Amino acid sequence: ETPSGKRDGEITEERTKPLIMGDIIFLANLSGEVFAMHRTDGYLFWKIRVETGVEGALSYGRSKLIVGDLHGTLYALNARDGSESWRFKVSQEWLSPAVIYRDRVFASTSADELYAISETYGKEIWHYSHRGDEKMTVRGTSGPVVFGNDVFLGFSDGSVASLSADRGKLNWLKKLKTRERFYDV
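Values in this document were obtained by computation on a predicted structure and should not be read as measured data.

**Student:** Describe the sheet that holds strand S12 (residues 104-108), with residues and values.
**Tutor:** Reading across from one edge, S11-S12-S13-S14 is the order of the 4 strands in this open sheet, with antiparallel pairing throughout. Here the strands that pair on one side only, and so sit at the sheet edges, are strand S11 (99-101) and strand S14 (124-129). For this sheet, the mean angle separating the axes of adjacent strands, direction not counted, is 20°. Relative to S12, S11 is paired through 3 bridges, and the arrangement is antiparallel. Along S12, the bridge assignment pairs Ile 100 with Val 105.

**Student:** Provide a residue-level description of the pairing of strand S8 (residues 64-68), including the pertinent values.
**Tutor:** For S8, the tally of buried residues reaches 5 of 5 residues, placing the bulk of the element in the interior. A two-sided burial pattern is seen for S8, the buried positions comprising Lys 64, Ile 66 and Gly 68 on one face and Leu 65 and Val 67 on the other. In terms of strand pairing, strand S7 (residues 58-61) meets S8 through 4 bridges, oriented antiparallel. Its bridge partner being in S8, Leu 58 is matched across the sheet by Val 67. Adjacent in sequence and paired antiparallel, S7 and S8 are bridged by 2 residues, among which Arg 62 carries a positive phi angle near 50°. For S8 and strand S9 (residues 73-78), the ladder comprises 5 bridges, and the chain directions are antiparallel. Along S9, the bridge assignment pairs Gly 68 with Leu 74. Where S8 hands over to S9, the hairpin turn is made up of 4 residues, of which Gly 72 adopts a positive phi near 95°.

**Student:** Talk me through the sheet that holds S7; I want residue IDs and the actual numbers.
**Tutor:** Strand pairing in a sheet takes place through backbone hydrogen bonds and is either antiparallel or parallel in direction. If you trace the 4 strands from one edge of the open sheet to the other, you get S7-S8-S9-S10, paired in antiparallel fashion. Strand pairing shows two members of the sheet lacking a second neighbour, S7 and strand S10 (84-89), which therefore form its edges. Pairs of neighbouring strands in the sheet enclose a mean axial angle of 15°, with direction left out of account. Pairing between S9 and S10: 5 bridges, direction antiparallel.

Here is what the cut-offs are and how they apply
Residues numbered from 1 in each chain as written. Predicted model: local features only at pLDDT ≥ 70, side-chain atom pairs only at ≥ 80, totals over all residues. Heavy atoms only, no water. Pairing = 2+ DSSP bridges. Helix = DSSP H or I, 4+ residues; strand = E, 2+ residues; numbered from the N terminus. Axes fitted to C-alpha atoms, helices over the stretch in contact; angles between N-to-C directions. Buried < 20%, exposed > 50% of the residue type's maximum accessible area, 1.4 Å probe, protein only.

Structural measurements only, silent on function.
The structure is reproduced here in structure tokens:
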């Protein structure tokens, strides 16, 4: 269980799930701290601080920890020592875990955008922006799912999209909306 924190005067709850890779547990919190600890004895391997809080955007792949903060910075950290490999900046929050697949990082923002970023260099390869007809949404975002050469992502207007992982070309878009309010995927 993680402690509750405060942000902008309101009480919030930690939403970032810990990750376990072998004997190492990785954690991030609303204070912007990122940790690597021994899973069974609690020994701290490393601890760093990113610019602002992390709320859900923590993932692991190819010896990298991908951390997204609430001010729009996505970090690739070396899982061994916490050193920064690269950072990628947008103007929206990162609220869901990214996915590393082959040589790409797929990450979605709170503004219904999906980015494909070079896993090695941290440069944008492509991005897809979805603007739906949402009137009211639940704060959060669907994380991308990669299968084969397709990336799937749900949006705040109740739609789900399939995009080509290589070029970001839209394969299909399906509206699943069934309610008048709060129909986020």
